[in-house]
Amino acid sequence: MTNRTFTMIKPDAFGNGHTGAILQKIEAAGFKFIALKLTKLSAEKAGEFYAVHAARPFYGELVEFMSSGPIVAAILEKDNAVEEFRKLIGATNPANADEGTIRKIFAESIGRNAVHGSDSDENAAIEGNFFFSGFERI
Ligand code: GDP
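What you see is a predicted model, and the numbers here were worked out from it, not measured in a lab.

## Digging into the site of the ligand
The environment of the ligand is made up of Lys10, His53, Phe58, Glu61, Leu62, Arg86, Thr92, Arg103, Ile110, Gly111 and Asn113. Lys10 has a polar side-chain atom sitting 2.9 Å from an oxygen atom of the ligand. Taken by itself the ligand offers 550 Å² of open surface, and the protein chains cover 82% of this. Split into classes, the residues belonging to the shell around the ligand amount to three nonpolar, four polar and four charged.

## Thoughts on the sheet that holds strand β2 (residues 32-40)
Strand order in the open sheet formed by four strands is β2-β3-β1-β4, with antiparallel pairing between adjacent strands. Every other strand in the sheet has two partners, leaving β2 and β4 (115-117) as the edge strands with one partner each. Taking the axes of each pair of neighbouring strands and ignoring which way they run, one obtains an average angle of 15° across the sheet. Bridge count between strand β1 (residues 4-9) and β4: three bridges; the pairing is antiparallel. When the bridges of β4 are listed, Ile9 appears paired with Val115.

## A short note on the side chain of Glu127
The residue Glu127 is located in helix α7 (residues 121-131) in this model. Look at Glu127: it is buried, it has no salt bridge, and the nearest opposite charge is Arg86 at 7.8 Å. Of the polar contacts made by the side chain of Glu127, one reaches the side chain of His116; its length is 2.8 Å. Discounting residues that sit within four places of it in the chain, Glu127 has contacts with Phe6, Phe49, His116 and Ser118.

## Topic: the nonpolar core
Membership of the largest hydrophobic core comes to 18 residues, with the highest contact counts inside it found for Ile9, Ile22, Ile26, Phe31, Phe85 and Ile102. Every element with two or more residues in this core is listed here: α2 (19-28), β3 (70-77), α5 (81-89) and α6 (102-106). Top contributing element to this core by residue count: α5, with four residues. Membership of the second largest hydrophobic core comes to 17 residues, among which are Met8, Ile34, Val63 and Ile75.

## Some words on α7
When α7 is considered as a whole, its buried residues turn out to be Ala124, Glu127, Gly128 and Phe131. One side of α7 carries all its buried residues, which in axial view fall inside an arc of 100°. Turned more than 90 degrees away from the buried face of α7, the exposed residues are Glu122 and Asn129. Its buried side turned inward, α7 meets β1, β2, α3 (43-49), β3, α5 and β4.

## Some details on the packing of aromatic side chains
Under the definition given, this model contains eight aromatic pairs. Centroid distance Phe49 to Phe130: 5.4 Å. Interplanar angle 70°. Geometry classified as edge-to-face. One end of the pair, Phe49, is in helix α3; the other, Phe130, is in helix α7, and 81 residues separate them in sequence. With a relative accessible area of 10%, Phe49 lands in the buried category. Every member of this aromatic cluster is reached through a ring pair, and the members are Phe6, Phe49, Tyr50, Phe130, Phe131 and Phe132. Over the ring of Phe130 we find Lys45, and its NZ or CZ is 4.9 Å from the ring centre. The positively charged end of Lys78 is found above the aromatic ring belonging to Phe31, 5.0 Å away from the centroid.

Rules behind the numbers
Residues numbered from 1 in each chain as written. Predicted model: local features only at pLDDT ≥ 70, side-chain atom pairs only at ≥ 80, totals over all residues. Heavy atoms only, no water. Near = heavy atom within 4 Å. Polar contact = N/O pair within 3.5 Å; in protein donor to acceptor, adjacent residues only side chain to side chain. Areas by Shrake-Rupley, 256 points an atom, 1.4 Å probe, with all protein chains shown as cover. Nonpolar A, V, L, I, M, F, W, Y, C, P; charged D, E, K, R; others polar. Pairing = 2+ DSSP bridges. Helix = DSSP H or I, 4+ residues; strand = E, 2+ residues; numbered from the N terminus. Axes fitted to C-alpha atoms, helices over the stretch in contact; angles between N-to-C directions. Buried < 20%, exposed > 50% of the residue type's maximum accessible area, 1.4 Å probe, protein only. Lys, Arg positive; Asp, Glu negative; His and termini not counted. Salt bridge = Lys/Arg side-chain N within 4 Å of Asp/Glu carboxyl O. Contact = heavy atoms within 4.5 Å. Core = buried A, V, L, I, M, F, W, Y, C linked by side-chain atoms within 4.5 Å. Arc of directions from axis to C-beta. Phe/Tyr/Trp six-rings, centres within 6.5 Å; stacked < 30°, edge-to-face > 60°. Lys NZ or Arg CZ within 6 Å of the ring centre and 35° of its normal.

Printed below as a string of structure tokens:
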């Protein structure tokens, strides 16, 4: 276990004006920001980020959605960060997410589910490096 994870506030949550509330929940849960930026993914970049899902039936929809508007990307630090953050955001489908989780509160559907959270230490490092140079993190 390492102490870093990577997150994105997805275009649905950004567009619905939930960015501030979500960042506040992340901080209140004890995560420290190591890197933070507002940006927009091209379809090509979104496809690259989610390449592991290329064979899934929802891949096209996922790429279209993730490139449909701005996103907020961040590297976060806390003990056992990957697991702790997945607990904070809740299940992929908000219908199955626990009460009080970020997806339960802010997600619209299984696709438009408000936030991303890395699923392993290895992917957290890969995903953080996808968005941030050494100069852009503390
Ligand atoms: P996560 O680790 O909880 O984000 O879930 P996955 O790695 O299984 O899926 C990655 C992302 O693909 C999810 O966060 C959703 O945005 C999207 N996704 C997953 N399943 C579906 C689906 O059945 N339909 C659609 N449209 N999107 C999905």
